[in-house]
Amino acid sequence: LKYLVFLTFLALTINIGTGCSISKKDIKETAQDYYIFGAKVYEKGDYKEAQEAFQKLLNEYPDSDLRRKALLNLAESEYKNAEYDLARFHYLKYFELYPTDPEAETALFKAGMSNFIRLRPDDRDQEYTQDVIADFEKLLLTFPWSRYAQEALDKVLFCKNKLAAHELTVGLY
């Protein structure tokens, strides 16, 4: 009798266990799931994983209300991960898509900073310097009363002096 009860219990356990199993394919992740996961791993400093989560949200949920935040957080993750070309691209895309958003001026400022970080010595190519000037001048024209206006103006002047020093270096050479 004990053996029969044990076998019945074992059969029920196996049946319930296999009948209720859910594969990972059956779980549908939502835009909110991707966003929350991306935000959590970003806070932990795993910027690559955050990039992947935000990019999946953007790719799989193009009509999501979280798209705006995901695009900005994707750019932030790329910036923190020192992927400055991608970060600048996504910051500028954010500004292009949402020019009236309160975060648009921050996105434009960070786009300029993505190149400012990579300024090269005066005797090297000054492409980044020219891009910094363009980004910050766009910021100054679009948001003249921005909280970043003074810093952007200082960086534009710095970069123009850098271009002049480059021309002087080339001329002396």
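Residues numbered from 1 in each chain as written. Predicted model: local features only at pLDDT ≥ 70, side-chain atom pairs only at ≥ 80, totals over all residues. Heavy atoms only, no water.

> Would you mind going over the overall build of the protein with me for this structure?
Within the protein one finds eight helices and zero strands. Within the protein, contacts between residues separated by at least 24 positions form 54% of all contacts whose residues are at least 6 apart in sequence. (Helix = DSSP H or I, 4+ residues; strand = E, 2+ residues; numbered from the N terminus. Contact = heavy atoms within 4.5 Å.)

> Sorry if this is basic, but what is going on with the environment of Tyr34 here?
Within the secondary structure, Tyr34 sits in helix H2 (residues 31-43). With 24 residues separating them in the primary sequence, Tyr34 and Leu58 have C-alpha atoms 9.5 Å apart. Ignoring any residue separated from it by four or fewer positions in sequence, one finds Tyr34 in contact with Glu29, Ala53, Lys56, Leu57, Glu60 and Tyr61.

> I keep staring at the pattern of salt bridges and nothing clicks. Help me out?
Per the stated rule, a full pass over the model turns up eight salt bridges. A salt bridge links Lys110 to Glu76, with the shortest nitrogen-to-oxygen separation between them at 3.1 Å. A residue pair is termed long-range when its members are at least 10 positions apart, and Lys110 in helix H6 (residues 104-116) and Glu76 in helix H4 (residues 67-80) qualify at 34 residues. Glu76 gets classed as buried once you look at its relative accessible area, which sits at 14%. (Salt bridge = Lys/Arg side-chain N within 4 Å of Asp/Glu carboxyl O. Buried < 20%, exposed > 50% of the residue type's maximum accessible area, 1.4 Å probe, protein only.)

> Even after reading the chapter, I still don't get the packing of aromatic side chains, so can you show me in this structure?
Within the structure shown, the criterion is met by 10 aromatic pairs. With centroids separated by 5.2 Å and ring planes inclined at 65 degrees, the aromatic side chains of Tyr42 and Tyr47 adopt a geometry described as edge-to-face. Geometrically, the ring pair formed by Tyr94 and Tyr98 is tilted, given 5.1 Å between the ring centres and 55 degrees between the ring planes. A relative accessible area of 15% means that Tyr98 is categorised as buried. Ring pairs connect the aromatic residues Tyr79, Tyr84 and Tyr91, which therefore count as one cluster. Just above the ring of Tyr79 sits the side chain of Lys110; from NZ or CZ to the centre is 5.2 Å. One cation-aromatic arrangement involves Lys155 over Phe116; the distance from NZ or CZ to the ring centre is 4.2 Å. (Phe/Tyr/Trp six-rings, centres within 6.5 Å; stacked < 30°, edge-to-face > 60°. Lys NZ or Arg CZ within 6 Å of the ring centre and 35° of its normal.)

> For this particular structure, what's the right way to read the environment of Lys138?
Mapped onto the elements of the fold, Lys138 is located in helix H7 (residues 127-142). Sequence separation between Lys138 and Ala152 is 14 residues; the distance between their C-alpha atoms is 9.9 Å. With near-sequence residues (within four places) excluded, Lys138 lies in contact with Phe95 and Leu108.

> When you look at the packing of H6 against H7 in this model, what are you seeing that I'm missing?
Relative orientation and spacing of two packed helices are given, respectively, by the angle between their axes and the distance between those axes. Relative orientation of the contacting elements H6 and H7 amounts to 165 degrees, with a least axis distance of 8 Å. As summarised for this structure, H6 and H7 are arranged roughly antiparallel, according to the angle between their axes. In the crossing of H6 with H7, the sense of the turn from one axis to the other is left-handed. Here Glu105, Leu108, Phe109, Ala111, Gly112, Met113, Asn115 and Phe116 of H6 come into contact with H7, specifically with Tyr128, Asp131, Val132, Asp135, Phe136, Lys138 and Leu139. (Axes fitted to C-alpha atoms, helices over the stretch in contact; angles between N-to-C directions. Parallel < 35°, antiparallel > 145°, perpendicular 65-115°, else oblique. Left-handed = near helix turned anticlockwise from the far one by under 90°.)

> When you look at the nonpolar core in this model, what are you seeing that I'm missing?
Note that soluble globular proteins tend to have their nonpolar side chains buried in a common cluster. Counting 39 residues, the largest nonpolar core has Leu57, Tyr91, Phe136 and Leu139 as the members making the most contacts within it. For this core, the secondary-structure elements that each account for two or more residues are H2, helix H3 (47-60), H4, helix H5 (84-97), H6, H7 and helix H8 (149-172). Looking at this core element by element, the count peaks at seven residues for H6. Apart from the residues lying within four places of it in its own chain, the contact partners of Phe136 are Phe109, Gly112, Met113, Ala152, Lys155 and Val156. (Core = buried A, V, L, I, M, F, W, Y, C linked by side-chain atoms within 4.5 Å.)

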